There are 2 protein chains.
Amino acid sequence: MPLNKGFVLASRPKGAATESNFRLFEKETDQPGPGQILVRNLWMSLDPYMRGRMDEGRSYTANQALDQVMGGATTGEVVASNDANFKPGDKVVGPGGWQLYSTSDAKFWRKVDASKIPLQAFLGATGMPGVTAWIGLNRIIHPKAGQTIVCSAATGAVGTVVGQLAKAKGARAVGIAGGPDKCKFAVEELGYDACVDHKAADFAEQFKRATPDGVDGLFENVGGQPFQVAMARMNDFGRIAICGLIASYEGAETTSLPDMRIMLVRRLTMQGFIQSEFRDAQQPAMEELVSLAASGKLKWRETIADGLEKAPSAFLGMLKGKNFGKQLVKLA
Amino acid sequence: MPLNKGFVLASRPKGAATESNFRLFEKETDQPGPGQILVRNLWMSLDPYMRGRMDEGRSYTANQALDQVMGGATTGEVVASNDANFKPGDKVVGPGGWQLYSTSDAKFWRKVDASKIPLQAFLGATGMPGVTAWIGLNRIIHPKAGQTIVCSAATGAVGTVVGQLAKAKGARAVGIAGGPDKCKFAVEELGYDACVDHKAADFAEQFKRATPDGVDGLFENVGGQPFQVAMARMNDFGRIAICGLIASYEGAETTSLPDMRIMLVRRLTMQGFIQSEFRDAQQPAMEELVSLAASGKLKWRETIADGLEKAPSAFLGMLKGKNFGKQLVKLA
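Computed from a predicted model, the values in this text were never measured in an experiment.

Q: Before we move on, can you summarise the overall build of chain A with the specific residues and values?
A: For chain A, the count of helices and strands is ten helices and 15 strands. Taking 2.2 N^0.38 as the reference for a compact globule, 332 residues should give roughly 20 Å; the C-alpha atoms of chain A span a radius of gyration of 20 Å, in line with that estimate. Classification of the 332 residues of chain A by burial places 53% in the buried group.

Q: Tell me about the pairing of strand E4 (residues 74–81) of chain B, residues and numbers included.
A: All names here are of chain B. As paired strands, strand E3 (residues 36–45) and E4 are joined by seven bridges and run antiparallel to one another. Bridged to Asn41 within E4 is Gly76. Two elements, E4 and strand E5 (residues 91–94), share four bridges in a ladder whose sense is antiparallel. Each residue of the ladder has a partner; that of Gly76, found in E5, is Val92.

Q: So what's going on with the interface of chain A and chain B? Residues and values would help.
A: Contact residues are listed per partner, giving 28 residues for chain A and 28 residues for chain B. Looking at the side of chain A that touches chain B, the elements that each hand over two or more residues are helix H8 (261–265) and strand E13 (269–272) of chain A. Split into classes, the residues belonging to the side of chain A that touches chain B amount to 13 nonpolar, nine polar and six charged. Where E13 of chain A meets strand E13 (residues 269–272) of chain B, three bridges bridge the pair, whose relative direction is antiparallel. Looking across to E13 of chain B, one finds that Thr269 of chain A is bridged to Gln271 of chain B.

Q: Go over the pairing of strand E3 (residues 36–45) of chain A, please, and point to the residues and values.
A: The side chains of a regular strand alternate between both faces of the sheet. Residue and element names in this part refer to chain A. The buried fraction of E3 amounts to nine of the ten residues, a majority that puts the element mostly inside the structure. Both E3 and strand E6 (residues 101–105) contribute to a ladder of five bridges, which runs antiparallel. Each residue of the ladder has a partner; that of Arg40, found in E6, is Tyr101. Two elements, E3 and strand E15 (residues 326–330), share three bridges in a ladder whose sense is antiparallel. Bridge pairing in E15 links Met44 to Val329.

Q: Residues and numbers for helix H10 (residues 311–319) of chain B, please.
A: Residue and element names in this part refer to chain B. Taken as a whole, H10 has its buried residues at Ala311, Pro312, Ala314, Phe315, Leu316 and Met318. Buried residues in H10 make contact with strand E1 (3–9), strand E2 (22–28), E3, helix H1 (49–54), strand E14 (302–306) and strand E15 (326–330). Immediately downstream of H10, the backbone of Gly321 shows phi near 80°, a positive value.

Q: Lay out unusual backbone geometry in plain terms, naming residues and giving numbers.
A: Even without being glycine, Asp67 of chain A reaches a positive phi, approximately 65°. Here Asp67 of chain A is to be found in the loop between helix H1 (49–54) and strand E4 (74–81). The backbone of Ala153 of chain B shows a phi angle near 50°, a positive value even though the residue is not glycine. Relative to the helices and strands, Ala153 of chain B is located in the loop between strand E8 (148–152) and helix H3 (157–168). With 28 C-beta atoms packed within 10 Å, Ala153 of chain B lands in the buried category.

Q: Residue-level account of the relation of the copies chain A and chain B, with values.
A: Between chain A and chain B, which share one sequence, the superposing operator has a rotation angle of 180° and an axial displacement of 0.0 Å; the RMSD is 0.0 Å. Interpreted geometrically, this transformation is the action of a two-fold axis. Here 100% of the interface residues in chain A have copies in chain B that are interface residues too; the copies meet face to matching face.

Q: If you had to explain the domain arrangement of chain A to someone new, which residues and values would you point to?
A: Where interface size is quoted, it is often the accessible area lost as the parts come together. All names here are of chain A. Domain annotation for chain A reports domain 1 (3–124 + 301–330) and domain 2 (128–276). Using only C-alpha atoms to locate each centre, domain 1 and domain 2 end up separated by 28 Å. Across the contact, 15 residues belong to domain 1 and 15 residues belong to domain 2. Looking at the side of domain 1 that touches domain 2, its residues break down into seven nonpolar, five polar and three charged.

Q: Before we move on, can you summarise the confidence of the model for chain A with the specific residues and values?
A: Mean pLDDT over chain A works out to 96, with 98% of the residues at or above the 70 mark. The complex model carries a pTM of 0.93, and its ipTM stands at 0.92.

Q: Give a description of the packing of helix H2 (residues 128–141) of chain A against helix H9 (residues 282–294) of chain A that names residues and reports values.
A: Residue and element names in this part refer to chain A. Two elements in contact, H2 and H9, have axes whose closest approach is 9 Å; the angle formed by their N-to-C orientations is 115°. With respect to each other, H2 and H9 are oriented roughly perpendicular. In this structure, H2 crosses over H9, and the sense of that crossing is right-handed. For the pair formed by H2 and H9, the contact residues are Gly130, Val131, Trp134 and Ile135 on the first element and Gln282, Ala285, Met286, Glu288 and Leu289 on the second. Partitioned by chemical class, the residues of the contact of H2 with H9 number six nonpolar, two polar and one charged.

Q: Which residues make up the nonpolar core, and what values go with them?
A: Formed by 209 residues in total, the largest nonpolar core has its most connected members in Phe219 and Ala311 of chain A together with Phe219 and Ala311 of chain B. Filtering out sequence-adjacent residues up to four positions away, Phe219 of chain B remains in contact with Gly136, Leu137, Ile141, Ile149, Val150, Cys151, Val162, Ala241 and Cys243 of chain B.

Q: Explain the environment of Val93 of chain B to me, and be specific about the residues and the numbers.
A: All names here are of chain B. Tracing the sequence through the fold places Val93 in strand E5. Here Val93 falls in the buried class, since 26 other C-beta atoms lie within 10 Å of it. Along the backbone, Val93 and Phe185 are 92 residues apart, and their C-alpha atoms lie at a distance of 28 Å. Look past the residues within four positions of Val93 in its chain and what remains in contact with it is Ala73, Thr75, Arg110, Val112, Phe122, Leu123 and Gly127.

Here is what the cut-offs are and how they apply
Residues numbered from 1 in each chain as written. Chains lettered and ligands numbered in written order. Predicted model: local features only at pLDDT ≥ 70, side-chain atom pairs only at ≥ 80, totals over all residues. Helix = DSSP H or I, 4+ residues; strand = E, 2+ residues; numbered from the N terminus. Rg over C-alpha atoms; globule rule 2.2 N^0.38 Å. Buried ≥ 20, exposed ≤ 12 C-beta atoms within 10 Å, placed from the backbone. Pairing = 2+ DSSP bridges. Contact = placed C-beta atoms within 7 Å. Nonpolar A, V, L, I, M, F, W, Y, C, P; charged D, E, K, R; others polar. Least-squares fit on C-alpha atoms with pLDDT ≥ 70 in both. Domains from an automatic or database assignment. pLDDT = per-residue confidence, 0-100. Axes fitted to C-alpha atoms, helices over the stretch in contact; angles between N-to-C directions. Parallel < 35°, antiparallel > 145°, perpendicular 65-115°, else oblique. Left-handed = near helix turned anticlockwise from the far one by under 90°. Core = buried A, V, L, I, M, F, W, Y, C linked by C-beta atoms within 7 Å.

Shown next as C-alpha cells:
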C-alpha cells in the first residue's frame, strides 16, 4: 500500500487558530475492507466551517476529534474498490479529509462526471459551497425580480454563486468583499451590480449608495460590523439567511444585533442554516449548478495551495480573507 | 347629536410617555354620512402597539397623527346607521379610537355575537390579541406535542391565549411574567406548566429549571434580559416569534442579541410579525377562539379602568406591566 500523509488536529485553538494546532502524520495507507474503497485524493477543500469544528463548544457539526485526521471534502480517483458501484479510475467526491489517501465506506462517496467541468469544481461552485448558495437563496431568501439581494464574502466559494443565481432571478445583487480587487472581480466577472469594500473607511456610506432601494435579502457569510450596516438597511418583510459568521469564529469580533426592534418593525425573518440538512434540495441544486457550469454560465475563481503541507497556512489565511475565490489544496 | 369626549395625541413622548402627551377633548358627535355608522363605544382596548405609534420613527403601523383622536379598537353598539348591513342596537367591534362615540365608514366595523361571550372579549381573547397568539403559534412557531414553548408576558392579553393554545397542541408551556401573583395565575388558571418571575434575582436559574429540555418555541412579547436568557436555552431548529418588545418601547432598555452565532449553531428561525398582515389567518383564528371561549375552554383575566378619563393612566401603567390580563377601559 502507498504511504499516506495528512494532518490531524493536534490541539484546540485558544483564540485564533495557529499552525501548531495541526500535526503532520505519515503512515501506510489502510487496505480497503468489505464495502470500502481506496481513494487517491487529488484536490482538498478548505472551508470556514472547519474552524468551528476545531473548538470544543456546541456547534452544528460534531467536533473534530483530537489526534484524528482533519475532516473535509476531497475529490479524487478510486484506486481500489470492494464495492460493485465503484471501479479503479472513477472520479469521486467525498469526505476524504486532509490526507493523500482515504480508505472508507463506499457509501460516503459519489461519482462525478469531470468531462465537462474541472474535477475541483465539485468542491466549489458545483459542490457544497454552490449548494449552500442555492439553498440559502431558494429556500430562505426567495429573491424576486427587482429586489435587492446582498451577499457578504461575495467572491468566496459561496458568495460567488449567490450573486450569479440572484442575478438569474432578476434581482439586483450587491456584494460585500474585502478590498478593491475582490470588489472589481465581483462586479466585472461575477456580475454583481455593485460590490462594497468593507475595509473602506466610509463603508456604511458606500453601502447605502449601493442599496438605494434598501435590502430585501441578506445572505450573511461573515458577520461583524458590515452585517449591522446591512441589517439597518433591511426593507419590510426582508429575509436574512445566516450561513456563516466567519468574523466571529476566531473570537476576535462578536457579531451582535444591537437592537432587536428592527426584526419587529420591519417584520424580518432570519434563519441560520446548514446546507446538508436540506436533504431534498441537494439533487435539484446540484443538477442546476452542474448544468450552469457545464454550459459556461457559472463562473468562479480559485486560490490553490500547492501540496498537502500548505493546507494549514492556506486554511489560516482563508479565515483572514486572504483567499480569492474557492480555497483549494492541490494534492497531486 | 350627543356630546362626544375623547383623547387626542397632544405631543410625542421624549423617552417615557406621560399623561401630558394626551389631551382630553369634548365636542358634538359627527352625524354619520352616506355609508357611515355612528357607534357608541362601550369598551376600549389598550394595547402595547399604541406606544410605537406615538413616536415619529419608522414603525410597522402609520404614526398616530398629532391632535387627532388616539387610534384603537373598541366594541360598542350601533346608534345610527346609513349602511344596510347595520342597524341600531347591533353589537360591533372596530377601530373606534379613544372616545365615547365614533362616526366612521361601516366597512371598518364588524358585527359580533355577544350572546355567549362578553362583548369586551372581542377586544381580547377572541379579538386582536387572541388572533395574534394564534398566528404566532400556528404560522411561526408550529408547536408539536412534547416540545417546550415559552411565552413572555404570559398573563397579558396575548400570552394568556398562547399558553392555552400551546397546551392544546400537547406542548409544554412555560410562561415568563412579572411577580408571583401573575406566575401563580398563569399556572393555576391558564394551565401553563410553569411560570418564571422575571423580577426574581435568580431568574436565569429558575428559567433553566423550568425548561429542562431546552426551548423549542419562543413567543416574545417583552424583550430585555429575560429574552436573552430564553434565547440561550433554544434547541436546534427552534422558532422565535417576535410579537412585541415592550421592554424597549420606552427607550429604557434596548433588547439586543449579543452573539448571533446561536442563530447559526442551533439553526434557529426568528420572525417579527404583525397579526393583521396574515389576512388568511384571521377567519380560522377567530372561529377557533370564539368557539373555545363560548364553550368555556378559553380563560382570561381583565384589568378594567373605569371611565374614559382613566385611559391615559391605565395605558401608562400597562407599559410598566401594572395590568393583570387584558387592559380595558369601560366607557359606559
